[in-house]
Amino acid sequence: MSIVTEVPAAPADAALAHFEGSLSFETDCWDVHSVLGTPQQDFVVLDVRGTEKYAKGHLPGAVDLAHRKIIGSKLAEYPSDTLFVTYCAGPHCNGAARAAIRLARLGRPVKVMPGGVTGWLDEGFELVRD
């Protein structure tokens, strides 16, 4: 028995529920990139790292809104059912999750893009620089 199989895998029905459920909470860089700027884009991308980092490079069309500054009045221009996709520096950063918490507390639909800027660049996608 290896360290991998020492703890048995979940039954298939539990695994299905877990992995299907996880997609309700997150999306990946490739999926975001595939629809950015197209008629299929039905979400707003939030760069939650802060204005200085945003200016150095961000996803095309991303809105600069640091996670600490997410409050209801900053979202007033968006319909209440707008889906927000949050991202930060990458998998080593929890800013996207912090932003998702703030958005969820405000009753807003939200997903995180866990790869963040690191994942975006790893996929070979370009950043926009101000």
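Please refer to the structure higher up on the page.
What comes next concerns the included structure.

Thresholds, definitions, all that
Residues numbered from 1 in each chain as written. Predicted model: local features only at pLDDT ≥ 70, side-chain atom pairs only at ≥ 80, totals over all residues. Heavy atoms only, no water. Helix = DSSP H or I, 4+ residues; strand = E, 2+ residues; numbered from the N terminus. Buried < 20%, exposed > 50% of the residue type's maximum accessible area, 1.4 Å probe, protein only. Contact = heavy atoms within 4.5 Å. Areas by Shrake-Rupley, 256 points an atom, 1.4 Å probe, with all protein chains shown as cover. Lys, Arg positive; Asp, Glu negative; His and termini not counted. Charge placed at Lys NZ, Arg CZ, Asp CG, Glu CD. Patch = residues over 30% accessible without salt bridge, like charges linked within 9 Å, V, L, I, M, F, W, Y side chains within 5 Å. Salt bridge = Lys/Arg side-chain N within 4 Å of Asp/Glu carboxyl O. Pairing = 2+ DSSP bridges. Core = buried A, V, L, I, M, F, W, Y, C linked by side-chain atoms within 4.5 Å.

**Observations concerning the overall build of the protein**
Within the protein, the regular secondary structure consists of five helices and four strands. When the helices and strands of the protein are placed in sequence order, the string is α-α-β-α-β-β-α-β-α. With the C-alpha coordinates aligned to their principal axes, the bounding extent of the protein is approximately 55 × 30 × 30 Å. Evaluated residue by residue, the protein yields a buried proportion of 35% over its 130 residues. In the protein, the share of contacts with a sequence separation of at least 24, taken over all contacts with a separation of at least 6, comes to 69%. Accessible surface, the protein: about 8,100 Å² in total, of which carbon and sulfur atoms supply 57%. Where the 12 positive side-chain charges of the protein centre and where its 16 negative ones centre are 13 Å apart.

**Brief notes about a positive patch on the surface**
A surface patch of positive charge is lined by Lys-53, Arg-68, Lys-69, Lys-74, Arg-102 and Arg-105. By the element assignment, Arg-105 lies in helix α4 (residues 95-105). For Arg-105, a relative accessible area of 71% corresponds to the exposed category.

**A closer look at the pattern of salt bridges**
Evaluated as defined, the whole model comprises two salt bridges. The salt bridge partner of Arg-49 is Asp-47, with a shortest N-O separation of 2.7 Å. For the pair Arg-49 and Asp-47, a shared accessibility class is recorded, and that class is buried.

**Let's talk about the side chain of Thr-86**
Topologically, Thr-86 is positioned in strand β3 (residues 83-87). Look at Thr-86 and you get buried, because its relative accessible area is 0%.

**Let's talk about the sheet that holds strand β4 (residues 110-112)**
The strands making up a sheet associate through backbone hydrogen bonding, with each pair oriented either parallel or antiparallel. Judged by pairing direction, the sheet is parallel, and its four strands sit side by side in the order β2-β1-β3-β4 without closing on themselves. The strands lining the two open edges of the sheet, one partner per strand, are β2 (63-64) and β4. Where strand β1 (residues 43-47) and β2 come together, two bridges link them in parallel fashion. Residue pairing for β2: Asp-47 is matched across the bridge by Asp-64.

**Considering the nonpolar core**
If you look at the biggest cluster of nonpolar residues, it comprises 16 residues, and the most contacted ones within it are Val-32, Phe-43, Val-45, Leu-59, Tyr-87, Met-113 and Trp-120. Elements with a minimum of two residues in this core: α2 (29-35), β1, β3 and α5 (116-122). Looking at which element gives the most residues to this core, the answer is α2, with three residues. Excluding its chain neighbours within four sequence positions, the residues that come into contact with Trp-120 are Cys-29, Val-32, His-33, Leu-36, Leu-59, Pro-60, Met-113, Phe-125, Glu-126 and Leu-127. Of all hydrophobic cores here, the second largest spans 15 residues; its members include Val-48, Ile-70, Cys-88 and Val-112.

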